[in-house]
Amino acid sequence: MEIVAKILIAAVALEHLYILWMEMFAWETKGKEVFKSALPPEMFKPTKGLAANQGLYNGFLAAGLLWTFLIKDPEWQTNIALFFLGCVAIAGIYGAVSATKKIFFVQALPAILAIVAVLLK
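As the structure is a prediction and not an experimental result, all values here were calculated from the model.

Any chance you could explain the environment of Tyr18 here in plain terms?
With respect to the helices and strands, Tyr18 occurs in helix H1 (residues 2-25). Judged by relative accessible area, which is 36%, Tyr18 ranks as partly exposed. In the structure, Tyr18 is positioned 44 residues away from Ala62 in sequence and 9.5 Å away in space, judged by C-alpha atoms. Apart from residues lying up to four places away in sequence, Tyr18 is in contact with Lys30 and Val34.

What am I meant to see in a nonpolar patch on the surface here?
A surface patch of nonpolar side chains, about 700 Å² in accessible area, is lined by Leu14, Leu17, Leu66, Trp67, Phe69, Leu70 and Trp76. Mapped by element, the contributors of at least two residues to the nonpolar patch are H1 and helix H3 (48-67).

Looking at this structure, how should I read the UniProt feature "transmembrane region" (unreviewed entry) in the chain?
Summarizing the sequence annotation, UniProt attributes the feature "transmembrane region" (unreviewed entry) to residues 7-27, 55-71, 78-97 and 103-120 in the numbering used throughout. The span residues 55-71 shows a helical share of 76% and a strand share of 0%, and its end C-alpha atoms are spaced 25 Å apart.

I tried to follow empty space enclosed by the protein on my own but got confused; where do I start?
Take a probe with the size of a water molecule and roll it over the atoms, and the empty space left behind shows itself. All chains considered together, the criterion is met by one cavity of 30 Å³ or more. Quantified by volume, the largest cavity comes out at close to 50 Å³. Lining the largest cavity we find Lys6, Ile9, Thr68, Phe69, Gln77, Ala81 and Lys121. Of all elements in the fold, only H1 and helix H4 (74-98) reach the threshold of two or more residues within the lining of the largest cavity. A per-class count over the lining of the largest cavity returns three nonpolar, two polar and two charged.

Rules behind the numbers
- By convention here, each chain's residues receive numbers from 1 onward along its written sequence.
- Restriction of local features to residues with pLDDT of at least 70 applies here, the model being predicted, together with a cutoff of 80 or more for giving and counting side-chain atom pairs; totals for whole chains, interfaces and linings are based on all residues.
- The side-chain numbers reported here are obtained from all heavy atoms of the structure, hydrogens and water having been left aside.
- Counting from the N terminus, the helices are DSSP H or I runs at least four residues long and the strands are E runs at least two residues long.
- Accessible area is worked out with a 1.4 Å probe on protein chains only. A residue is then buried under 20% of its type maximum, exposed over 50%, and partly exposed in between.
- We call two residues in contact whenever any of their non-hydrogen atoms come within 4.5 Å of each other.
- Each patch groups residues whose relative accessible area exceeds 30% and which form no salt bridge, using 9 Å between like charges and 5 Å between nonpolar side chains of Val, Leu, Ile, Met, Phe, Trp and Tyr.
- Only the protein chains shown count as covering a residue, and every accessible area follows the Shrake-Rupley method with a 1.4 Å probe.
- The term salt bridge refers to a pairing of a side-chain nitrogen on Lys or Arg with a carboxyl oxygen on Asp or Glu at a separation within 4 Å.
- UniProt positions are given in the numbering used here, feature names are shortened, and annotations may be inferred rather than shown by experiment.
- A 1.4 Å probe that fits but cannot get out identifies a cavity on a 1 Å grid over protein atoms alone, an open set with protein on both sides within 12 Å along at least five of seven lines counts as a pocket, and a residue lines either if it has an atom within 4 Å of a point.
- Grid points are joined across faces, edges and corners, and a volume is the space filled by probe spheres set on the points.
- Any residue outside Ala, Val, Leu, Ile, Met, Phe, Trp, Tyr, Cys, Pro, Asp, Glu, Lys and Arg is labelled polar, Gly included; the first ten of those are nonpolar and the last four are charged.

This is the structure in structure tokens:
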């Protein structure tokens, strides 16, 4: 189960690196495709700065998850992984309620599955 947990943590981290890229550098192109049902097209240009700020926060989540691979102490590694996965899950649940339900399946569910895998290892 430890390998499954590490794979899921890496997948969630990579997803958040992708979100960082999209929100910081491709908000008016890829962001417009991804969030077309959540935001009218004319709102992408004026919200570019806000999206970039969100992207930076997603990068911090990814960094925290990737950090877990460098921690040697198993208890500390587990606690840090659970903290950052919990942050991702909460953000995904909030996004599903406030923006689009798809965010639950794309963001929260992978984090929840990773949490379960970490707890079962």
